[in-house]
Amino acid sequence: MHIYADNAATTAMSRKAIEAMLPYMDRVYANPSSLHSAGQEAKSALEDARRRIAALLGARPEEITFTSGGSESDNQALITAAEIGEKKGRLHLISTSIEHHAVLHTLEKLKKRGFEVTLLPVEPVTGLVSPASVASAIRPDTALVSVMYANNEIGTVEPIAEIGRICREKGVLFHTDAVQAAGHLPIDVNRDCIDLLSLSAHKFHGPKGIGVLYARKGLRLSTLIEGGAQERGKRAGTENLASVMGMAKALEEACENMEAGAARLIPLRDRLIQGLSAIPHSALNGDRLHRLPGNVNFCFEGIEGESLLLLLDDKGIAASSGSACTSGSLDPSHVLLAIGRVHDVAHGSLRLTLGEDATEEEVDYIIRSVGEVVGQLRGMSPVWRELCAGERRFIL
Ligand SMILES: *Cc1c(COP(=O)(O)O)cnc(C)c1O
């Protein structure tokens, strides 16, 4: 068996997205900034993709900027909002303790420039951000609220529309990292009162190294990359046209299949959650209901996540512990700590993110394999022996 259950880290490219790219890696190679007709053909493809992507978000084409991916979009969104605030003497930024590092590390950098950052705590276990906590954190000098649409580790879907409404009422800019939500949840920047939004194509079966920054009309984006006047002067560099075309096709396809995909995935996800819950001293991380369709994240007491992954890999299952970006480091996931898991428990975490093509047989194989591997690791674990002997207290 070969099961790829790491779709939150990246997805396989869709066949249609690959096919949409090919002409732009072959015949249509001219520079979209060139005035000759070959350049204009490239330019019109670029603008067509921009219109199609804007339509899927409820946005206008001029509100869409192409970037190198989710990380760049997050950086540019936060720096933009901070610099707009700075001009008005508003130096306070609000975000949450469970954001992606592209947000958290940008906030750290902004702190060094004199901004004050409030990181809101989240509800224990579920990881939900309470809209009331956002409302009470907003001050007269708040420039930005940034809350992710859905969390990449624990799959929790945040109450974005409510938070957006609060920000709009209070006149504060609202950014959301929607990288994990795109293609899985219907996004509408107007309904949700979103001013800035980040997307990444490789999380919805598009190519890597391309993304979108949505910025509401009238917001002047700060530039991260200086040079030519591409992207309305807000992101210099010859456009990655082939990737843009692949991204547009992938997003269209994902949005078309969204409902059918969720209807297939949710029962499989719930079967997996139910199966893994039967393992003693285990616990689900994230909210049971407000959850991405393919996300399952568990802690197993008395084991170590890295060994779990390696043994699952031997059984043909590609999974993840915490997020891909932090794997390899010994620090437990900041998200699991933020939802209240203690260090030892957070270390024994497993994230399985199913693709739309997952089957019931695969889910049952995963349940059986995880059960076997957890048993095997606990059999060799001194911590587990102490727990069973009553020398240490079970937490889960
Ligand atoms: C993957 C991811 C990113 C980073 O996107 P890249 O395109 O890989 O830079 C940012 N935020 C979230 C929530 C992600 O899952």
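The structure presented is a predicted model; accordingly, all values stated were derived computationally and were not measured.

Novice: Is there a simple way to explain the sheet that holds strand E12 (residues 349-353) in this structure?
Specialist: Pairing between sheet strands relies on hydrogen bonds along the backbone, with the strands arranged either parallel or antiparallel. Here three strands make up an open sheet; going across it, the order is E9-E10-E12 and the pairing antiparallel. The sheet is open, and its two edges are formed by strand E9 (282-284) and E12, each paired on a single side. Strand-to-strand, the axes of this sheet are offset by a mean angle of 25 degrees, without reference to chain direction. Relative to E12, strand E10 (residues 295-300) is paired through five bridges, and the arrangement is antiparallel. From the neighbouring strand, asparagine 297 faces E12, where its bridge partner is arginine 351. Taken strand by strand, helix H8 (residues 258-277) contacts E9, E10 and E12, and its axis lies near 10 degrees from that of E10.

Novice: Whenever I open this one, the pattern of salt bridges confuses me. Can you help?
Specialist: A side chain of one charge can pair with a side chain of the opposite charge when the charged atoms of the two come close. As enumerated under the stated definition, the model contains 26 salt bridges in all. Note that glutamate 231 and arginine 50 form a salt bridge whose closest N and O atoms lie 2.9 Å from each other. One end of the pair, glutamate 231, is in the loop between strand E8 (211-215) and helix H7 (241-256); the other, arginine 50, is in helix H2 (residues 37-57), and 181 residues separate them in sequence. Classification of arginine 50 by relative accessible area gives buried; the value is 6%.

Novice: What should I look at first to understand the packing of helix H3 (residues 70-87) against helix H4 (residues 101-112) in this one?
Specialist: One way to put it is that H3 packs onto H4 with a least axis distance of 9 Å and a crossing angle of 35 degrees. The interaxial crossing formed by H3 with H4 has right-handed handedness. Contacts between H3 and H4 pair Ser71, Asp74, Asn75, Leu78, Ile79 and Ala82 from the former with Ala102, Val103, Thr106, Leu107 and Leu110 from the latter. Residues belonging to the contact of H3 with H4 are distributed by class as follows: seven nonpolar, three polar and one charged.

Novice: How should I be thinking about the environment of alanine 45 in this particular structure?
Specialist: Here alanine 45 shows up in helix H2. Residue classification places alanine 45 among the buried residues on the basis of a relative accessible area of 7%. A C-alpha to C-alpha distance of 7.7 Å links alanine 45 and methionine 245, two positions 200 residues apart in sequence.

Novice: Help me understand the sheet that holds strand E2 (residues 64-67) in this model?
Specialist: Read from one edge of the open sheet, seven strands run E2-E8-E7-E6-E5-E3-E4, paired in mixed fashion. Edge strands, defined here as strands with exactly one partner in the open sheet, are E2 and strand E4 (116-120). The mean inter-strand angle of the sheet, taken between neighbouring strand axes irrespective of direction, is 20 degrees. Pairing analysis gives three bridges linking strand E5 (residues 142-146) to strand E6 (residues 173-177), with the strands arranged parallel. In the strand pairing of E6, leucine 144 is matched with leucine 173. Of the strands in this sheet, strand E3 (92-96), E4, E5 and E6 are in contact with H4, which crosses E3 at around 155 degrees. Sheet strands in contact with helix H6 (residues 160-170) are E5 and E6, and its direction is about 160 degrees off that of E6.

Novice: Explanation requested: helix H12 (residues 360-380) in the structure shown.
Specialist: In this model, H12 (21 residues) spans 31 Å end to end at C-alpha, consistent with the 30 Å of a helix rising 1.5 Å per residue. Looking only at H12, the buried set comprises Glu362, Val363, Tyr365, Ile366, Ile367, Ser369, Val370, Val373, Val374, Leu377 and Arg378.

Novice: Could you clarify how one ought to interpret the site of the ligand in this entry?
Specialist: Looking at the ligand, there are 13 residues lining it, with Ser71, Asp177, Gln180, Ser200 and Lys203 nearest. Between the ligand and serine 71, the relevant distance is 2.7 Å, taken from an oxygen atom to a side-chain nitrogen or oxygen of the residue. A distance of 2.6 Å is found between an oxygen atom of the ligand and a side-chain nitrogen or oxygen belonging to serine 200. The element that contributes the greatest number of residues to the shell around the ligand is H3, accounting for three residues. By residue class, the composition of the shell around the ligand is two nonpolar, eight polar and three charged.

Novice: I'm lost on unusual backbone geometry in this one. Help?
Specialist: Leaving glycine aside, a negative phi is the common case for residues, and trans is the common case for peptide bonds. Look at arginine 232: it is not a glycine, yet its phi comes out positive at around 55 degrees. Counting through the fold element by element, arginine 232 comes out in the loop between E8 and H7. Judged by its relative accessible area of 62%, arginine 232 falls in the exposed class. Phi at histidine 281 is positive, roughly 55 degrees, even though this residue is not glycine.

Novice: I'm lost on H6 in this one. Help?
Specialist: Note on helix geometry: an α-helix contains 3.6 residues per turn, so any two residues three or four positions apart are oriented the same way. Of all the positions in H6, only Ile160, Ile163, Gly164, Ile166 and Cys167 are classed as buried. Along H6, the residues classed as buried sweep out an arc of 160 degrees about the axis, all on the same side. Elements in contact with the buried residues of H6: helix H5 (131-137), E5 and E6.

Novice: I tried to follow the domain arrangement of the protein chain on my own but got confused; where do I start?
Specialist: Put simply, an interface is often sized by how much accessible area is lost when its parts join up. By the assigned domains, the protein chain splits into domain 1 (15-256) and domain 2 (258-388). Placing a centre on the C-alpha atoms of domain 1 and another on those of domain 2 gives a separation of 29 Å. Taken together, the contact between domain 1 and domain 2 spans 31 residues of the former and 24 residues of the latter. Buried area between domain 1 and domain 2, both sides added, is near 2200 Å², and the carbon and sulfur share of it is 58%. Counting across the domain 1 and domain 2 interface gives zero salt bridges. Listing elements by their share of the side of domain 1 that touches domain 2, those giving two or more residues are H4 and H7.

How each quantity is defined
- Here, residues in each chain are numbered from 1, in the same order as that chain's written sequence.
- Residue-level local features of this predicted model are given only where pLDDT is at least 70; pairs of side-chain atoms are given and counted only at 80 or more, and the full residue set underlies all totals for whole chains, interfaces and linings.
- The side-chain values count all of the structure's non-hydrogen atoms but skip hydrogen atoms and water molecules.
- Pairing between two strands requires that DSSP report at least two bridges joining them.
- Numbering of helices and strands runs from the N terminus; a helix is a DSSP stretch of H or I covering at least four residues, while a strand is a stretch of E covering at least two.
- Note on definitions: angles span 0 to 180 degrees between N-to-C directions of axes, and those axes are lines fitted to C-alpha atoms, for helices only across the stretch in contact.
- Whether two residues are in contact is decided by their heavy atoms: any pair within 4.5 Å suffices.
- Any carboxyl oxygen of Asp or Glu within 4 Å of a side-chain nitrogen of Lys or Arg constitutes a salt bridge here.
- Here the term buried applies to any residue with accessible area under 20% of the maximum for its type, exposed to any over 50%, and partly exposed to those in between, with areas from a 1.4 Å probe on protein chains only.
- Throughout, a crossing is termed right-handed when the near helix is turned clockwise from the far one, and left-handed when it is turned anticlockwise from it by less than a right angle.
- In this classification, Asp, Glu, Lys and Arg are treated as charged, Ala, Val, Leu, Ile, Met, Phe, Trp, Tyr, Cys and Pro as nonpolar, and every other residue, Gly included, as polar.
- For a helix, the expected span equals 1.5 Å multiplied by the number of residues minus one.
- Here a residue counts as near a molecule or strand whenever at least one of its heavy atoms sits within 4 Å of it.
- Polar contacts, as used here, are pairs of N or O atoms within 3.5 Å; protein pairs need one atom able to donate a hydrogen and one able to accept it. Residues neighboring in sequence count only if both atoms are side-chain atoms.
- Note that the arc is defined by the directions from the helix axis to the C-beta atoms.
- Each domain's extent was defined by an automatic or database domain assignment.
- Once two parts are put together, the accessible area they lose, assessed with a 1.4 Å probe and summed over both, is termed the buried area.

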